[in-house]
Amino acid sequence: MSYLKRNFKRVPVLFGVFILMSCASLLGPNVKPGIALAEKGEYGSAMAYYESIIKAGKADARVYGLAYESAFKAGKRVTAEKYFKAALKAGFEADSLVSLAANLWYDRALLTMGSDDWNEGKKAAAQIAELAGGSKKDKFCTNILEGKKKYDRGSHKGLWDAIVDYSTAANYDASSGLPYFLMGQARYKNNRTDYDAALEDYYQSIQIEPDGAFAAQARADIKKIEAVKKKMNAFWGK
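Note that the structure is a prediction, hence the values are computed from the model and not measured.

Side note on the pattern of salt bridges
When the charged atoms of two side chains with opposite charge come close together, those side chains can pair.
Stage number 1. In total, this model carries 10 salt bridges according to the counting rule given.
Stage number 2. With a shortest N-O distance of 2.8 Å, K150 and D165 are connected by a salt bridge. Placement of the pair is K150 in helix α8 (residues 136-153) and D165 in helix α9 (residues 156-172), with a sequence separation of 15 residues.
Stage number 3. A relative accessible area of 10% places D165 in the buried class.
Stage number 4. Its salt-bridge partner being K157, residue D161 comes within 2.8 Å of it at the nearest N-O pair.

Next comes the structure, spelled out in structure tokens:
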């Protein structure tokens, strides 16, 4: 076989390799391992994977966006902010990135408020107001915090007003059981003999969100209220 024929036969192979390399360049770096780690809840490891791409100088806007999300979920807020800015600079679509950030902060608001960590809940709500002011997420948080303020004051009228705020919040997010959990707390604090009204809200909260951050406390409150109800019914011969 002549040199010309040998090299002619190699052209399709070399051309195919060139096409694959070009496609890989167009598709960007491989982010699947990082996504797989994040899906397993290993956010720190996912962030480390994306950082290895960044350090290699191969990062694109998507990598920075994923690094931001992983850093946020890993609790690395300062690092997350750095990657948020880097993602924008690299060309990540601004509205999409802001939407992602608002969703992340909203999840944190639900988690911290449901865990009775109201200082962190307020911080998360402030971020949502900045990122998505006037949105349903913002209005949900605003009403929850207004209700909590009135609940803490403890007056009879204030507790009823808190229930109204929590009920309004529920209209902005039907997938959250948090407003019903808080309504249950407010009803029982307002009238410790109206067991059924409080229990109805508590049961509604865990029906909507059985694994919510508040769920363990809701079940503990239900157990306590039902025990008191049973004791008082026995006392009154009901």
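Structure's up, so let's keep going.
Looking at the packing of aromatic side chains
Stage number 1. Counted according to the given criterion, the structure contains 8 aromatic pairs.
Stage number 2. Plain terms: the ring middles of F72 and W105 are 4.9 Å apart, the flat faces sit at 85° to each other, and that makes the pair edge-to-face. Within this pair, whereas F72 is found in helix α4 (residues 61-73), its partner W105 is found in helix α6 (residues 94-114), the two being separated by 33 residues in sequence. W105 matches F72 in its accessibility class, with the two residues each being buried.
Stage number 3. When the ring of F181 is compared with that of Y202, the centres are 5.9 Å apart and the planes differ by 65°; the resulting orientation is edge-to-face. Remark: Y202 occurs in helix α11 (residues 195-208) and F181 occurs in helix α10 (residues 178-190); sequence separation between them is 21 residues. Comparing F181 with Y202, the two get one shared label, buried.
Stage number 4. Members of the aromatic cluster, joined through ring pairs, are Y68, F72, F84 and W105.
Stage number 5. Sitting over the ring of W105, R77 keeps its end group 5.8 Å from the ring centre.
Stage number 6. Across the ring face of Y151, the terminal group of K189 is positioned such that the distance to the ring centre comes to 4.2 Å.

Thresholds, definitions, all that
Residues numbered from 1 in each chain as written. Predicted model: local features only at pLDDT ≥ 70, side-chain atom pairs only at ≥ 80, totals over all residues. Heavy atoms only, no water. Salt bridge = Lys/Arg side-chain N within 4 Å of Asp/Glu carboxyl O. Helix = DSSP H or I, 4+ residues; strand = E, 2+ residues; numbered from the N terminus. Buried < 20%, exposed > 50% of the residue type's maximum accessible area, 1.4 Å probe, protein only. Phe/Tyr/Trp six-rings, centres within 6.5 Å; stacked < 30°, edge-to-face > 60°. Lys NZ or Arg CZ within 6 Å of the ring centre and 35° of its normal.

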